Amino acid sequence: MRKIDDKKKQLKETISLLPEKPGIYQFYNSDNTIIYIGKAKNLKRRVSSYFRNRHDNKKTAMLVRSIAEIRYMVVETEQDALLLENNLVKKYKPRYNIRLKDDKSYPWIRIVNEPIPRVIKTRDLVKDGSKYFGPYTNVYMVNTLLDLFKSGYKIRTCNYRLTKKNIDSGKFRVCLEYHIGNCRGPCEGLIKEENYLKGIEEISHILKGNISGVMRHLKSIMDEKAQKLDYEEAQKIKEKYDSLKRYQSKSTVVSPEITDIDVFSIENGDKSAFINYLKIIDGAVIQTYTLEITKVIDEPIEELLMTGIIEIKQKIHNNAKEVLVPFRIGNIYKDIKFIVPKIGEKKKLLELSLRNAKYFRLDKEKQVAQKQARSTVDNLLSTIMKDLNLPVKPVMIECFDNSNFQGAEPVAACVVFKNGKPLKREYRHYNVKSVKGPDDFASMEEIVYRRYSRLINENKALPQLVVIDGGKGQLSSAVRALEQLGLRGKISIISIAKRLEEIYFPDDPVPVYINKNSETLRVIQQLRDEAHRFGITFHRKKLSKVLIDTELSHIKGIGEKTIKKLLVELKSVSNIKKAELNSLIEIVGNSKAQIIFKYFRAK
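For the structure given in this document, a descriptive report is provided here.

So, how was this worked out
Sequence order as written defines the numbering, with residues in each chain counted from 1. Given that the model is predicted, a residue must reach a pLDDT of at least 70 before its local features are reported, and side-chain atom pairs must reach 80 or more before they are shown or counted; all residues, however, enter totals for whole chains, interfaces and linings. Think of the side-chain values as coming from all heavy atoms in the structure, minus any hydrogens and water. Only strands that DSSP links by at least two bridges are regarded as paired with each other. Under the DSSP-based scheme used, a helix requires at least four consecutive residues in state H or I and a strand at least two consecutive residues in state E, with every element numbered from the N terminus. Throughout, an axis means a line fitted to C-alpha atoms (over the contacting stretch in the case of helices), and angles, computed between N-to-C directions, take values from 0 to 180 degrees. Throughout, a contact is declared for two residues whenever any of their heavy atoms are within 4.5 Å. Categorising residues by exposure relies on relative accessible area from a 1.4 Å probe, with only protein chains included: less than 20% of the type maximum marks a residue as buried, more than 50% marks it as exposed, and the intermediate range marks it as partly exposed. Handedness is read with the strands pointing away from the viewer; a crossover is right-handed when the path from the first strand over the helix to the second is clockwise. As used here, the term nonpolar core means buried Ala, Val, Leu, Ile, Met, Phe, Trp, Tyr and Cys residues forming a set that is joined through side-chain atoms within 4.5 Å. Patch membership requires over 30% relative accessible area and the absence of a salt bridge. Like charges are linked within 9 Å, and nonpolar side chains (Val, Leu, Ile, Met, Phe, Trp, Tyr) within 5 Å. Throughout, the Shrake-Rupley method with a 1.4 Å probe supplies accessible areas, and for residues the shown protein chains are the sole cover considered. Note on definitions: salt bridges are taken to be side-chain nitrogens of Lys or Arg within 4 Å of carboxyl oxygens of Asp or Glu. Counted as positive: Lys and Arg. Counted as negative: Asp and Glu. His and the chain ends are not counted at all. Charge coordinates come from a single atom per side chain, which is NZ of Lys, CZ of Arg, CG of Asp or CD of Glu. Angular relationships are summarised with four words: roughly parallel below 35 degrees, roughly antiparallel beyond 145, roughly perpendicular across 65 to 115, and oblique for the angles in between. In this count, Pro and Cys sit with the nonpolar residues alongside Ala, Val, Leu, Ile, Met, Phe, Trp and Tyr, while Asp, Glu, Lys and Arg are called charged and the others, Gly among them, polar.

### Some thoughts on the sheet that holds strand β1 (residues 23-28)
So, step 1. Taken in spatial order, the three strands make up an open sheet running β2-β1-β3, and their pairing is antiparallel. Lying at the two open borders of the sheet, with one neighbouring strand each, are β2 (34-40) and β3 (69-74). Across the sheet, the mean angle separating the axes of adjacent strands is 20° when strand polarity is ignored.
So, step 2. Here β1 pairs with β2 via six bridges, running antiparallel. Its bridge partner being in β2, phenylalanine 27 is matched across the sheet by tyrosine 36.
So, step 3. Against the sheet, helix α2 (residues 43-52) contacts β1, β2 and β3, and its axis sits at roughly 30° relative to β1.

### Notes on the pairing of strand β18 (residues 465-469)
So, step 1. Along β18, five of the five residues are buried, which leaves the element largely enclosed by surrounding structure.
So, step 2. Residues of β18 alternate between two faces, with Leu465, Val467 and Asp469 on one and Val466 and Ile468 on the opposite face, all of them buried.
So, step 3. Judged from the five bridges that link them, β18 and strand β19 (residues 492-497) form a sheet pairing that is parallel. The partner of leucine 465 across the bridge, within β19, is serine 492.
So, step 4. Between the parallel pair β18 and β19, the chain is carried across by helix α14 (residues 472-484), and the sense of this crossover is right-handed.

### Some remarks on the environment of alanine 412
So, step 1. Examined against the element boundaries, alanine 412 turns out to sit in strand β15 (residues 408-418).
So, step 2. On the basis of relative accessible area, alanine 412 is assigned to the buried category, the value being 2%.
So, step 3. Sequence separation of alanine 412 and phenylalanine 534 is 122 residues, and the distance between their C-alpha atoms is 9.0 Å.
So, step 4. Sequence-distant contacts of alanine 412, that is, excluding residues within four places in its chain, are made with Asp401, Asn402, Arg428, His429, Tyr430 and Ile447.

### Looking at the sheet that holds strand β6 (residues 119-122)
So, step 1. In space, the three strands of this open sheet follow the order β6-β5-β7, with antiparallel pairing throughout. Pairing within the sheet leaves two strands with one partner each, and these edge strands are β6 and β7 (131-133). Direction aside, neighbouring strands of the sheet carry axes that sit 30° apart on average.
So, step 2. Alignment of strand β5 (residues 108-111) against β6, held across four bridges, turns out to be antiparallel. Bridged to arginine 110 within β6 is isoleucine 120.
So, step 3. Against the sheet, helix α8 (residues 193-207) makes contact with β5, β6 and β7, and its axis sits at roughly 155° relative to β5, the strand it touches most.

### A closer look at the nonpolar core
So, step 1. With 30 residues, the main nonpolar core has Ile109, Val119, Phe149, Ile155, Ile203 and Leu207 as its most contacted residues.
So, step 2. Going through the elements one at a time, β5, α5 (139-153), α8, α9 (211-227) and α10 (231-249) are the ones with two or more residues in this core.
So, step 3. Here isoleucine 203 is in contact with Ile111, Val119, Phe149, Tyr153 and Ile155, once residues within four sequence places are set aside.
So, step 4. Tyr106, Phe264, Ile310 and Phe360 belong to the second-largest nonpolar core, a separate cluster that totals 28 residues.

### Quick look at the side chain of threonine 122
So, step 1. Along the chain, threonine 122 turns up in strand β6.
So, step 2. In contact with threonine 122, other than residues within four places in its own chain, are Tyr106, Pro107, Trp108, Arg110 and Tyr132.

### Let's talk about unusual backbone geometry
So, step 1. With a phi close to 65°, asparagine 32 is a non-glycine residue in the positive phi region.
So, step 2. Topologically, asparagine 32 is positioned in the loop between β1 and β2.
So, step 3. Among the residues examined, asparagine 32 registers a relative accessible area of 46% and is labelled partly exposed.
So, step 4. A positive phi angle, near 50°, is found at lysine 93, a position not held by glycine.

### Let's talk about a positive patch on the surface
So, step 1. On the surface, Lys59, Arg95, Arg99 and Lys271 cluster together to form a positively charged patch.
So, step 2. Tracing the sequence through the fold places lysine 271 in the loop between β9 (260-268) and β10 (272-281).

### A word on the pattern of salt bridges
So, step 1. If you walk through the whole model with that rule in mind, you get 30 salt bridges.
So, step 2. Lysine 39 is the salt-bridge partner of glutamate 85, the closest N and O atoms lying 3.4 Å from each other. Taken together, the residues span a long stretch of sequence, with glutamate 85 in helix α4 (residues 78-92) and lysine 39 in strand β2 at a distance of 46 residues.
So, step 3. Residue glutamate 85 is classed as buried on the basis of its relative accessible area of 7%.
So, step 4. With a relative accessible area of 13%, lysine 39 lands in the buried category.
So, step 5. The salt bridge involving arginine 156 is made with glutamate 114; its shortest N-O contact spans 2.9 Å. Pair noted here: arginine 156 is in the loop between α5 and α6 (164-168) and glutamate 114 is in the loop between β5 and β6, with a separation of 42 residues, a long-range link.
So, step 6. Glutamate 114 sits in the partly exposed class, given a relative accessible area of 21%.

### Some thoughts on the environment of glutamate 78
So, step 1. In this fold, glutamate 78 is placed in helix α4.
So, step 2. With residues near it in sequence (within four places) discarded, glutamate 78 still touches Pro22 and Lys41.

### Some details on the packing of α4 against helix α11 (residues 301-315)
So, step 1. Put simply, α4 and α11 touch, their axes get as near as 10 Å, and they point 80° apart. Taken together, α4 and α11 sit at an angle that is classed as roughly perpendicular. When α4 is examined against α11, the residues Leu82, Leu83, Asn86, Asn87 and Lys90 are found in contact with a partner set consisting of Met306, Thr307, Ile310, Glu311 and Gln314.
So, step 2. Residues that form the contact of α4 with α11 fall into these classes: four nonpolar, four polar and two charged.

Printed below as a string of structure tokens:
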């Protein structure tokens, strides 16, 4: 207890000595580990607020309880504090700080720092003086740009080390790309270095969004070449110009009056915040990027947005002096004006950015849900495999059930489950062909044989598990069918008996009783019930058709609807024959009742 009191006393002394200046503060735990890094316009006021206020957020309360030491650093401006905090959080990754999601999966376009530069797609940022543009969330856009540069500027794609010394000494020879017109042969000095670098400069301008400027420049050169009757060169420049025009036409045009502007919006979720960035050049959206921040303690939305802006601007270098935001935030950068638009085109831009952030969040949530679903399915299949001692996970399970009415019109049903869920398009029902009378065992053997002989003939995938609705007899019949097809041992097979939900295995007279609450039994019961439902539905339709197609259908003036009404009410043709006239009149009316009554009385 004395140690706790001493700790509180020490922290109070530290707080009382804090300056009322901008800076960053670091909270350490008893193991001398940084657990939180924060920024402040006024260090004393901000740090003392942690100890004055009661915290509803559990993680914030845990943070405060864990603080054993406070260290701080004074800086000149709030902007310096923001940037320093961002860099220190990345370096130390404290437990209670928000976490920026790694975006290594997103590609960048890299102009390689070489005498004769290449322009390539990369996912790794190497600090070697190369220029990076991105990140691009759309790989198709990256490939479109690289194809444009390759066709329009004939940049090299080889990995040769093209120094002046190597080129002058004739170390390299032109490759196939030169001969098919995709490269101008800088490896043999067939294009002047200054001309090649002009193309790289134009590519750099395009990647920065200055497409219109490059197009104006190309058009002036094209006109100049045409006036000098140098039509071949003019045509080459025209091809570049046309490629850029096509690319520009695919950009989302928002307003020609808006020239160079950045837009940031935030979608704040329970566990994460999503900051969307739009880059607008010459009235068109030329880049969009969304950053995900995982929240740890109850960070204010303003702080989340500021952190996102700093992180994105460190990644994506641009010179926009005007930034649109959804609400007022601190003056992060001295030379940038932050605007909260209320109406007009700029307001629409902000709404567009917010929609992008919302869509990104929905996509992430869908991905998480799908991942959880895959994990749940995998756990379920592993449980079934373990409970039933199967050699593999039963991704595909098929279940068979027979149905007949007093031995008449025997039918069977096969239902299919994939990953523990019904796959209804694969359901099949069967008319039993070779069996006469009520022989459940022979019917099961016939249907199982027909099902898997067809799958084998059509070269289709077999299930990993077959479930038979019935006891030992039905299971033995199904096993015989598999033996005839050479599938015994290749497909696992069991049966489920309804009375006590016993599970039977081939060659084992003693049933297994699975825990009534287990997922395995639930799936098997669902399979059995579904096969029964599917089979009974088919059997009823067939039986009704047979009844309608016999005696009742021969009565003139009596149609299918009338017959169905009678069967629904009186259940059978035999009951209809015995029915009194008044009963028939109540069901189908006087005139039709008279016809039916007279027909059966006459017979």
